[in-house]
Amino acid sequence: MSLIVHRRPEGRLVIGKQTRMMNDQILQCTAKIVVAQVSRNRLRAEQVGALIASVYNSLANGGGSPAPPPEPRIPAIAVRRSVRAEAIACLECGARMKTLKRHLASEHGLTPGEYRDRWALNADYPMVAPDYRRRRQEIAKTSGLGARSSTATADRVMEASDAPGPAELANWQPDGEALGATGRV
């Protein structure tokens, strides 16, 4: 258990309980620092108490002043201009590409969620260029991905390809040249 020193509004110093650090070590360090300061500088009697409280609180709270706030990030390209139909731009470096996910992981070590958090983007901010997304969506639909009925999907796939249909496959016979004279492979 350690103690915290603070000044009351009437100017009196008060010692309270704190459980984070060991009180003896903090007090020893406080004494050494205050002795060094007083031995080299002139202080009035009322300043010594404030110095002790200040040094003790700084040591007890982990070193004093809080870290400065992080500097605001400036994107390489304006967020409004980062999404275009043909490409999406990385806010970190300004590179334009069709998809950002792999670029973010390999070049910047970020996941899409971390990237969105870093730049304060909405959860629906795209990681893929809109034209590329539409093209991939069309390909998926024509190949039957996401369809509920397997027969309707098979019919669409067969219409789009040169593959033989089910009726042709049912009547298919291997030719003798492929199997050899014995009919075995």
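Up top is the structure.
Computed from a predicted model, the values in this text were never measured in an experiment.

Peer 1: Help me get a handle on the packing of aromatic side chains, residues and values and all.
Peer 2: The final tally for this structure, using the stated rule, is zero aromatic pairs. The ring centre of tryptophan 119 lies 5.9 Å from the NZ or CZ of arginine 73, which sits over that ring.

Peer 1: Hey, could you go over a positive patch on the surface for me, with residue numbers and the actual values?
Peer 2: Taken together, the side chains of Arg80, Arg81, Arg84 and Arg96 make up a positively charged region of the molecular surface. Inspection of the secondary structure puts arginine 80 in helix α3 (residues 79-82). Note on arginine 80: relative accessible area 75%, which makes it exposed.

Peer 1: Help me get a handle on the nonpolar core, residues and values and all.
Peer 2: Counting 14 residues, the largest nonpolar core has Leu91, Leu100, Leu104, Tyr115, Leu121, Tyr125 and Met127 as its most contacted members. Sequence-distant contacts of leucine 121, defined by excluding residues within four places in its chain, comprise Val79, Leu91, Tyr115 and Arg116.

Thresholds, definitions, all that
Residues numbered from 1 in each chain as written. Predicted model: local features only at pLDDT ≥ 70, side-chain atom pairs only at ≥ 80, totals over all residues. Heavy atoms only, no water. Phe/Tyr/Trp six-rings, centres within 6.5 Å; stacked < 30°, edge-to-face > 60°. Lys NZ or Arg CZ within 6 Å of the ring centre and 35° of its normal. Patch = residues over 30% accessible without salt bridge, like charges linked within 9 Å, V, L, I, M, F, W, Y side chains within 5 Å. Areas by Shrake-Rupley, 256 points an atom, 1.4 Å probe, with all protein chains shown as cover. Salt bridge = Lys/Arg side-chain N within 4 Å of Asp/Glu carboxyl O. Lys, Arg positive; Asp, Glu negative; His and termini not counted. Charge placed at Lys NZ, Arg CZ, Asp CG, Glu CD. Helix = DSSP H or I, 4+ residues; strand = E, 2+ residues; numbered from the N terminus. Buried < 20%, exposed > 50% of the residue type's maximum accessible area, 1.4 Å probe, protein only. Core = buried A, V, L, I, M, F, W, Y, C linked by side-chain atoms within 4.5 Å. Contact = heavy atoms within 4.5 Å.

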